[in-house]
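Listed below are the residues making up each chain.
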Amino acid sequence: MNGELKKEIAEKLKETGAVRFGDFVLSSGKRSSIYIDIKHACTHPDILAMIAKGMKELADSEALDFQRIACVELGGVPIAVALSLETGKPYAIFRKQKKDYGVKDDLVGVIEKGDKILVVEDVTTTGSSALSAVERVRARGGEVEAVLVVVDREEGAAEAFREKGVRLIPLLSLGDLR
Ligand SMILES: O=P(O)(O)OC[C@H]1O[C@H](OP(=O)(O)OP(=O)(O)O)[C@H](O)[C@@H]1O
Ligand SMILES: O=C(O)c1cc(=O)[nH]c(=O)[nH]1
C-alpha cells in the first residue's frame, strides 16, 4: 500500500474518534488504556472506502492469490463487504455461534474445497477471533492465503498466526495511531 494512503487512513481514524483512551476490557479479557474502534470508523463511507482501497493495494503488492474473502462477525463484516465490492470477489461470514434455527449453520456464503481464501479482520490483539476463521476455512477444505487486518495491536497475533502457518498482514499497527 502506498505510504500516502496509509497516512491518510491513520489520520482519518484519529479525526473520527476511532482511537480512544481510557480503561478498556478487551475481547481476550486483557485490559488496555487504548481502544481502536474500527467498527465505528467503518460507519463512515469515506473511511470504509479508504480501508477497502488500502486492502486491495496491499493484496496486490503482496501478490496474494485468492478466490474468496472471509471474516468473523462483527468487526470483519463491513471490511469483507467493502473489499468484495472493490475486488469483485465473493465474501463469506462466519457467525460467532451457529444458529439453532433457520439454516442452522455458522457460515453465511460459500467456501468450497480447494478455494484460496483471504481472511479479513478489523483489529488483532491475540488473534483469536481471526484464527477461528482460519480454522473454520481449513475445516471446510479451504486454503488460507493470508489474514489482512486494519490494525494489529502487536500483542502476539503475528506469532500466533505464524505458528499456524499463516501470514498476518496489517494495514496499520497500533504505533501508527498513537
Ligand atoms: O485478536 P483478538 O484477541 O481476538 O481481539 C480482536 C477481536 O476482538 C474484537 O471483536 P469482539 O470480540 O469485541 O466482537 P465484535 O466484533 O462482535 O464486537 C475485534 O473486532 C476483533 O474481532
Ligand atoms: O482486543 C480487542 O477486543 C479490541 C481491541 C481494540 O483496540 N479494538 C477492538 O475493536 N477490539
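Parameters and conventions
- Residues numbered from 1 in each chain as written.
- Chains lettered and ligands numbered in written order.
- Predicted model: local features only at pLDDT ≥ 70, side-chain atom pairs only at ≥ 80, totals over all residues.
- Heavy atoms only, no water.
- UniProt positions renumbered as here; feature names shortened; annotations may be inferred.
- Axes fitted to C-alpha atoms, helices over the stretch in contact; angles between N-to-C directions.
- Helix = DSSP H or I, 4+ residues; strand = E, 2+ residues; numbered from the N terminus.
- Parallel < 35°, antiparallel > 145°, perpendicular 65-115°, else oblique.
- Left-handed = near helix turned anticlockwise from the far one by under 90°.
- Contact = heavy atoms within 4.5 Å.
- Nonpolar A, V, L, I, M, F, W, Y, C, P; charged D, E, K, R; others polar.
- Buried < 20%, exposed > 50% of the residue type's maximum accessible area, 1.4 Å probe, protein only.
- Right-handed = clockwise from strand over helix to strand, strands pointing away.
- Near = heavy atom within 4 Å.
- Polar contact = N/O pair within 3.5 Å; in protein donor to acceptor, adjacent residues only side chain to side chain.
- Areas by Shrake-Rupley, 256 points an atom, 1.4 Å probe, with all protein chains shown as cover.

The protein is annotated in an unreviewed UniProt entry as Orotate phosphoribosyltransferase from Archaeoglobus veneficus. According to the UniProt record, the Subunit (unreviewed entry) comment for the protein is "Homodimer." Taken verbatim from the UniProt record of the protein, the Function (unreviewed entry) comment is "Catalyzes the transfer of a ribosyl phosphate group from 5-phosphoribose 1-diphosphate to orotate, leading to the formation of orotidine monophosphate (OMP)."

Visitor: Would you explain the packing of helix α1 (residues 3-15) against helix α3 (residues 45-61) in this entry?
Guide: Packed helix pairs are characterised by how far apart their axes lie and by the angle those axes make with each other. Running from N to C, α1 and α3 cross one another at 150°; their axes reach a closest spacing of 10 Å. As far as their axial angle goes, α3 and α1 are roughly antiparallel. Where α1 crosses over α3, the two elements pack in a sense that is left-handed. Along its contact with α1, which presents L5, E8, I9, K12 and L13, the element α3 presents D46, I47, M50, I51, K53, G54 and E57. In the contact of α1 with α3, the residues fall into six nonpolar, one polar and five charged.

Visitor: I tried to follow the pairing of strand β8 (residues 168-173) on my own but got confused; where do I start?
Guide: Looking along a regular strand, one sees the side chains alternate between the two faces of the sheet. Of all the six residues making up β8, five are buried; the element is thus mostly covered by neighbouring parts of the structure. A crossover links strand β7 (residues 143-152) with its parallel partner β8, the connecting element being helix α6 (residues 157-163), and its sense is right-handed.

Visitor: Just to check I follow, could you spell out the site of ligand 2 for this structure?
Guide: L26, S27, Y35, I36, V123, T125 and R153 make up every residue found near ligand 2. At 2.6 Å, a side-chain N or O of T125 approaches an oxygen atom of ligand 2. Within the contact set of ligand 2, an oxygen atom lies 2.7 Å away from a side-chain nitrogen or oxygen of R153. For ligand 2, whose accessible area on its own is 290 Å², the fraction buried by protein is 91%.

Visitor: What is the right way to read the site of ligand 1 from this model?
Guide: Residues in close proximity to ligand 1 total 14 residues, the closest being K39, K96, D122, T126 and G127. Between ligand 1 and K96, the relevant distance is 2.4 Å, taken from an oxygen atom to a side-chain nitrogen or oxygen of the residue. In the environment of ligand 1, an oxygen atom lies 3.4 Å from a nitrogen or oxygen atom belonging to the backbone of S128. The fraction of the free accessible surface of ligand 1 (500 Å²) that becomes covered by protein chains is 81%. Put simply, the parts of the chain that give the shell around ligand 1 at least two residues each are β6 (116-124) and α5 (128-139). When residues of the shell around ligand 1 are assigned to their parent elements, the largest contribution, four residues, is made by β6.

Visitor: Help me out: how do you make sense of the side chain of T125 in this one?
Guide: With respect to the helices and strands, T125 occurs in the loop between β6 and α5. Taking the relative accessible area as the measure of exposure, T125 reaches 14% and is therefore buried. Those residues in contact with T125 that sit more than four places away from it in its chain are L26, K30, R153, E155, G156 and A157.

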